[in-house]
Amino acid sequence: QLVAETVMCSFDAENFYRKWLRDIIDAQGKNGWVPYTAPYISGGGGCWWSNALPTVALELYKFTGDKAVLREALQPALRLIAYYESMHDGDYVIKRGCSKWLLGDWLAPDPIASNVPYINTLAFYSAVLQTKTSAEILSERKIAKDLGDLLERIKRGINENFFDAENLRYGNGVQGEDVLPLVYGIVEEEYEEKLWEKLVQHYRKTRRFDTGIVLTPALLNLLTEKGAVDVAMALMIARGYPSYEWMLEKETTLCEHWSKYWPKTCSAEGVEEALS
């Protein structure tokens, strides 16, 4: 799902993604949970993995203009959202799941330091937002309105539980945690410009990625769309570790981790410790 847009624009992959979307739907559990592989073969993941369902459907629609893929995925996506709703305690914060791992962002250059429930709550928000978009395209007005109301509740939960106004940060304030609230319009208006300026200053100064698979593309898109193209370009053409230049040296494709190797800090034991 991370490269769906790129792959469909670069290769003859439409039928692959149509087939895979059906596989994802077929793999969905009775409780609405979408496993991390289709068919499910165990392994680690989290809410962003499950979000392949609404993500792939929307990417296929954007590439083909075929509303049938959105129709096919709508009810399964609503079941996924219902599953997420069962995973919070009334505050709309995702603290648990039905698998052995509930990862947040994945494999930043440094050991995991971001707030995992916060990152997964953003995934909850993203799933609802994408499904609402699909419902609007399909003229399912009642569904779209209900999902819009849910977005407001999740937004309130994120701001109440994870925003630190004194230190002007979301989550732990590290590894790109401030990116998605700016992308999704979650930040309250009085803090939005200050948070944006802080984010830009950070990456203009460091000129290095500190983000994983979820927040890296979101960061680059945000910087570009809001006019900080020079900062996005500096990150893209950086040399040394961590950078795309470093990752691609002597490789034929992108690796799972910036260092190209499975880091000791991301062993199963290390992940479990980080999540606890």
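Keep in mind the model is a prediction, meaning the values are calculated, not measured.

## Topic: the overall build of the protein
Here is step 1 of the chain: On a plain count of helices and strands, the protein comes out with 13 helices and two strands.
Here is step 2 of the chain: Taking the principal axes of its C-alpha atoms as reference, the protein extends roughly 45 × 45 × 40 Å.
Here is step 3 of the chain: When burial is assessed residue by residue, the protein has 50% of its 276 residues classed as buried.
Here is step 4 of the chain: Nonlocal contacts in the protein, meaning residues at least 24 apart in sequence, comprise 67% of its contacts between residues at least 6 apart.
Here is step 5 of the chain: Total accessible area on the protein is roughly 13900 Å²; 51% of this is exposed by carbon and sulfur atoms.
Here is step 6 of the chain: Between the averaged position of the 30 positive side-chain charges in the protein and that of its 39 negative side-chain charges there is a distance of 2 Å.

## Notes on the packing of helix H6 (residues 116-137) against helix H7 (residues 141-162)
Two measures define how a pair of helices packs: the angle their axes make with one another and the distance between the axes.
Here is step 1 of the chain: Close contact between H6 and H7 brings their axes to 9 Å; oriented N to C, the two are set at 160°. Overall, the two elements H6 and H7 adopt an arrangement that is roughly antiparallel. Every pair of crossing elements has a handedness; the one defined by H6 and H7 is left-handed. Side by side, H6 and H7 meet where Pro117, Tyr118, Thr121, Leu122, Phe124, Tyr125, Val128, Leu129, Thr131, Lys132, Ala135 and Glu136 of the first sit next to Ile143, Ala144, Leu147, Gly148, Leu150, Leu151, Ile154, Lys155, Ile158 and Phe162 of the second.
Here is step 2 of the chain: The class makeup of the residues in the contact of H6 with H7 is 16 nonpolar, three polar and three charged.

## A short note on the packing of aromatic side chains
The description of an aromatic ring pair rests on the distance of the ring centres and on the angle between the ring planes.
Here is step 1 of the chain: Counted by the stated rule, this structure contains 17 aromatic pairs.
Here is step 2 of the chain: When the centroid spacing of 5.1 Å and the interplanar angle of 85° are considered together, the rings of Phe16 and Tyr17 count as edge-to-face.
Here is step 3 of the chain: Taking relative accessible area as the criterion, Tyr17 reaches 4% and is therefore assigned buried.
Here is step 4 of the chain: Centre to centre, the rings of Trp33 and Tyr40 are 5.4 Å apart; their planes meet at 90°, and the pair counts as edge-to-face.
Here is step 5 of the chain: On the basis of relative accessible area, Tyr40 is assigned to the partly exposed category, the value being 37%.

## Examining the side chain of Thr211
Here is step 1 of the chain: Tracing the chain through its elements places Thr211 in the loop between helix H9 (189-206) and helix H10 (215-225).
Here is step 2 of the chain: On the accessibility criterion, Thr211 (0% relative accessible area) is buried.
Here is step 3 of the chain: At a separation of 2.7 Å, a polar atom in the side chain of Thr211 contacts the side chain of Thr216.
Here is step 4 of the chain: Excluding residues within four positions of it along the chain, Thr211 makes contact with Asp105, Leu107, Ala108, Pro109, Gln175, Gly176, Tyr203, Thr216, Leu219 and Trp258.

## Structural notes on the environment of Val200
Here is step 1 of the chain: Inspection of the secondary structure puts Val200 in helix H9.
Here is step 2 of the chain: A relative accessible area of 8% means that Val200 is categorised as buried.
Here is step 3 of the chain: Note: C-alpha distance between Val200 and Leu223 (23 residues apart in sequence) is 7.7 Å.
Here is step 4 of the chain: In this structure, Val200 is in contact with Leu223, Ala228 and Val231, ignoring residues within four places of it in sequence.

## Remarks on the packing of helix H5 (residues 67-85) against H6
Here is step 1 of the chain: Between H5 and H6, the least distance of the axes is 9 Å, while the angle of their chain directions is 145°. Crossing hand, H5 versus H6: left-handed. Between H5 and H6, the residues in contact are Lys67, Leu70, Leu74, Ala77, Leu78, Ile81, Tyr84 and Glu85 and Phe124, Ala127, Val128, Thr131, Ser134, Ala135 and Ile137, respectively.
Here is step 2 of the chain: Split by residue class, the contact of H5 with H6 holds eleven nonpolar, two polar and two charged.

## Looking at the confidence of the model for the protein
For any part of a model where pLDDT is low, the fine detail of the predicted coordinates should not be relied upon.
Here is step 1 of the chain: Chain-level pLDDT for the protein is 92 on average; 93% of the residues reach the 70-or-more range.
Here is step 2 of the chain: For residues 267-276, every residue scores under 50 in pLDDT, and the model assigns this stretch 14 contacts once sequence neighbours within four places are set aside.

## A look at H9
Here is step 1 of the chain: For H9, built from 18 residues, the straight-helix expectation of 26 Å at 1.5 Å per residue is met to within 8% by its first-to-last C-alpha distance of 27 Å.
Here is step 2 of the chain: All buried positions along H9 are accounted for by Leu195, Trp196, Leu199, Val200 and Tyr203. Summarising the axial view, the buried residues of H9 lie within an arc of 135°, below the 170-degree limit, and thus occupy one face. Exposed side of H9, more than 90 degrees from the buried face: Glu190, Lys194, Gln201 and Lys205 are the residues found there.
Here is step 3 of the chain: In the core, the buried residues of H9 are packed alongside strand S2 (169-170), helix H8 (179-184), H10 and helix H11 (229-236).
Here is step 4 of the chain: A positive phi of about 55° marks Arg207, the residue just after H9.

Each value, and the rule that gives it
- Residues numbered from 1 in each chain as written.
- Predicted model: local features only at pLDDT ≥ 70, side-chain atom pairs only at ≥ 80, totals over all residues.
- Heavy atoms only, no water.
- Helix = DSSP H or I, 4+ residues; strand = E, 2+ residues; numbered from the N terminus.
- Buried < 20%, exposed > 50% of the residue type's maximum accessible area, 1.4 Å probe, protein only.
- Contact = heavy atoms within 4.5 Å.
- Areas by Shrake-Rupley, 256 points an atom, 1.4 Å probe, with all protein chains shown as cover.
- Lys, Arg positive; Asp, Glu negative; His and termini not counted.
- Charge placed at Lys NZ, Arg CZ, Asp CG, Glu CD.
- Axes fitted to C-alpha atoms, helices over the stretch in contact; angles between N-to-C directions.
- Parallel < 35°, antiparallel > 145°, perpendicular 65-115°, else oblique.
- Left-handed = near helix turned anticlockwise from the far one by under 90°.
- Nonpolar A, V, L, I, M, F, W, Y, C, P; charged D, E, K, R; others polar.
- Phe/Tyr/Trp six-rings, centres within 6.5 Å; stacked < 30°, edge-to-face > 60°.
- Polar contact = N/O pair within 3.5 Å; in protein donor to acceptor, adjacent residues only side chain to side chain.
- pLDDT = per-residue confidence, 0-100.
- Expected span 1.5 Å × (residues − 1).
- Arc of directions from axis to C-beta.

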